[in-house]
Amino acid sequence: MTKYELRAQFLDKRRAMTKDKKREAELEIQSRLLMTEEYRNSDTVLIYVSTDSEIDTKGIINAAFANKKRVAVPVTNDDYSLDFYYINSINELKSGRFGILEPINREEKVTDFENSICVVPALCCDLSGNRIGYGKGCYDRFLAQYSGEKICLVYGDNVLPLVDSEETDIAIDIIVSDLFVKRT
């Protein structure tokens with residue numbers, strides 16, 4: 001199956017989830033991420049702000065604030081590169097490109113990624129850390145230069161034995177699902 005076909009299949013699958021099943025899986029995924037050594041030992045959490053159809057990241061963001069971590073969320077630039085900016089509250093966000101919440105204040109750009117983790121969106125992935133995102137390559141561009149731990153959040157039944165990858169695709173280091181946590 002092509003990436004395009006997989007993307008369409010898993011978008012449909014995600015939209016078809018009941019609210020109760022989605023919420024139950026999200027809470028398990030959030031809990032599993034917060035228990036990882038990588039999260040506990042990090043000072044900074046680079047994380048996307050989820051849309052309604054994605055695995056909820058707002059709970060993770062609020063937990064990171066409660067755990068006294070710095071939180072940074074991305075802004076997608078015109079060339080589809082990402083820049084991350086620190087926020088101090090979920091209320092410091094507004095709708096931006098693609099309808100995704102982005103920081104209102106862009107004065108404090110992250111330039112030092114030491115002791116950080118990056119939580120990456122994924123529609124599906126394989127056990128080796130190859131993932132299918134939304135097809136723009138935004139995160140692959142960023143991750144090619146990022147040396148910290150790369151973590152994707154995915155429903156357990158969206159983990160496949162193998163996903164085709166290209167030279168520009170950057171594999172993630174840790175898969176966090178509602179069924180397991182796997183280091184690749």
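Above: the structure in question.
Worth saying up front: this structure is predicted, and the values here are computed from it rather than measured.

## Looking at the sheet that holds strand β2 (residues 70-76)
Now for step 1: Strands sit in the order β3-β2-β1-β6-β9-β11-β12 across an open sheet of seven strands; the sheet is mixed. The outermost strands of the open sheet, each flanked by one partner alone, are β3 (82-87) and β12 (181-183). Pairs of neighbouring strands in the sheet enclose a mean axial angle of 25°, with direction left out of account.
Now for step 2: With three bridges connecting them, strand β11 (residues 174-176) and β12 associate as antiparallel partners. The partner of Ile175 across the bridge, within β12, is Lys182.

## Brief notes about the layout of surface pockets
Now for step 1: Approximately 680 Å³ is the volume attributed to the largest pocket.
Now for step 2: Forming the boundary of the largest pocket are 32 residues, of which Tyr134, Gly135, Lys136, Cys138 and Tyr139 lie nearest the centre.
Now for step 3: Of all the elements in the fold, those that place two or more residues in the lining of the largest pocket are α1 (3-15), β2, β8 (131-132) and α5 (138-143).
Now for step 4: Here the element with the most residues in the lining of the largest pocket is α1; it accounts for five residues.
Now for step 5: Split into classes, the residues belonging to the lining of the largest pocket amount to 13 nonpolar, seven polar and 12 charged.
Now for step 6: Taken as a whole, the second largest pocket spans an internal volume of roughly 160 Å³.
Now for step 7: Of all the elements in the fold, those that place two or more residues in the lining of the second largest pocket are β3 and α5.

## Overview of helix α2 (residues 19-35)
Now for step 1: Over its 17 residues, α2 runs 24 Å from end to end, which matches the ideal 24 Å to within 8%, given 1.5 Å per residue.
Now for step 2: When α2 is considered as a whole, its buried residues turn out to be Lys22, Ala25, Glu26, Ile29, Gln30 and Leu33. Viewed along the axis of α2, the buried residues span an arc of 140°, placing them on a single side of the element. Across from the buried face of α2, at angles greater than 90 degrees, the exposed residues are Asp20, Glu24 and Met35.
Now for step 3: Where α2 is buried, its residues touch α3 (37-41), α4 (58-66), β6 (116-120), β9 (149-153) and β11.

## Overview of empty space enclosed by the protein
Unoccupied space between atoms shows up once a probe the size of one water molecule is rolled over them.
Now for step 1: All told, the structure shown has one cavity of 30 Å³ or more when counted by the stated rule.
Now for step 2: Within this model, the largest cavity holds a volume of roughly 70 Å³.
Now for step 3: Lining the largest cavity are Arg14, Tyr48, Glu54, Ile55, Pro121, Ala122, Leu123, Tyr134, Leu153, Val154, Tyr155 and Asn158.
Now for step 4: The class makeup of the residues in the lining of the largest cavity is nine nonpolar, one polar and two charged.

## Some remarks on unusual backbone geometry
Now for step 1: Phi at Lys68 is positive, roughly 65°, even though this residue is not glycine.
Now for step 2: Among the secondary structure elements, Lys68 is positioned in the loop between α4 and β2.
Now for step 3: On the accessibility criterion, Lys68 (75% relative accessible area) is exposed.
Now for step 4: Look at Asn115: it is not a glycine, yet its phi comes out positive at around 55°.
Now for step 5: Mapping Asn115 onto the fold places it in the loop between β5 (101-103) and β6.

## Description of the packing of aromatic side chains
Two measures describe an aromatic ring pair: the distance that separates the ring centres and the angle between the ring planes.
Now for step 1: Scanning all chains against the criterion turns up five aromatic pairs.
Now for step 2: Summarising the aromatic geometry, the rings of Phe84 and Tyr139 are spaced 6.5 Å apart at their centres and angled 70° between planes, so their arrangement reads as edge-to-face. Of this pair, Phe84 sits in strand β3 while Tyr139 is found in helix α5, placing the two residues 55 residues apart along the sequence. Each of the two residues, Phe84 as well as Tyr139, counts as buried.
Now for step 3: Here Phe113 and Tyr146 contribute two aromatic rings whose centre-to-centre distance is 5.8 Å and whose plane-to-plane angle is 85°, an arrangement assigned as edge-to-face. One end of the pair, Phe113, is in the loop between β5 and β6; the other, Tyr146, is in the loop between α5 and β9, and 33 residues separate them in sequence.

Rules of the game
Once a new chain begins, its residue numbering starts again from 1 and follows that chain's sequence as written. The predicted nature of this model means local features are confined to residues of pLDDT at least 70 and side-chain atom pairs, given and counted, to a pLDDT of 80 or more, with totals for whole chains, interfaces and linings taken over all residues. Based on all heavy atoms of the structure, the side-chain values leave hydrogens and waters out of the count. Pairing between two strands requires that DSSP report at least two bridges joining them. Where helices and strands are cited, they refer to DSSP runs of H or I of at least four residues and of E of at least two residues respectively, numbered from the N terminus. For every element, the axis is a line fit to its C-alpha atoms; helices are fit only across the contacting stretch, and the angle between N-to-C directions ranges from 0 to 180 degrees. Residues are called lining when one of their atoms sits within 4 Å of a cavity or pocket point, these points coming from a 1 Å grid over the protein atoms alone, where a cavity is a set in which a 1.4 Å probe fits but cannot get out and a pocket is an open set with protein on both sides within 12 Å along at least five of seven lines. Grid points are joined across faces, edges and corners, and a volume is the space filled by probe spheres set on the points. Under the scheme applied, nonpolar residues are Ala, Val, Leu, Ile, Met, Phe, Trp, Tyr, Cys and Pro; charged residues are Asp, Glu, Lys and Arg; polar residues are all the others, including Gly. Here a helix's expected span is defined as the number of its residues, less one, multiplied by 1.5 Å. The rule is simple: take the accessible area with a 1.4 Å probe, protein chains only, and divide by the maximum for that residue type; under 20% is buried, over 50% is exposed, in between is partly exposed. Directions drawn from the helix axis to the C-beta atoms are what define this arc. Should any heavy atoms of two residues lie within 4.5 Å, those residues are counted as being in contact. Pairing of aromatic rings covers Phe, Tyr and Trp, the last counted by its six-membered ring, and requires centre-to-centre distances within 6.5 Å; plane angles under 30 degrees mean stacked, over 60 mean edge-to-face, and any other angle means tilted.

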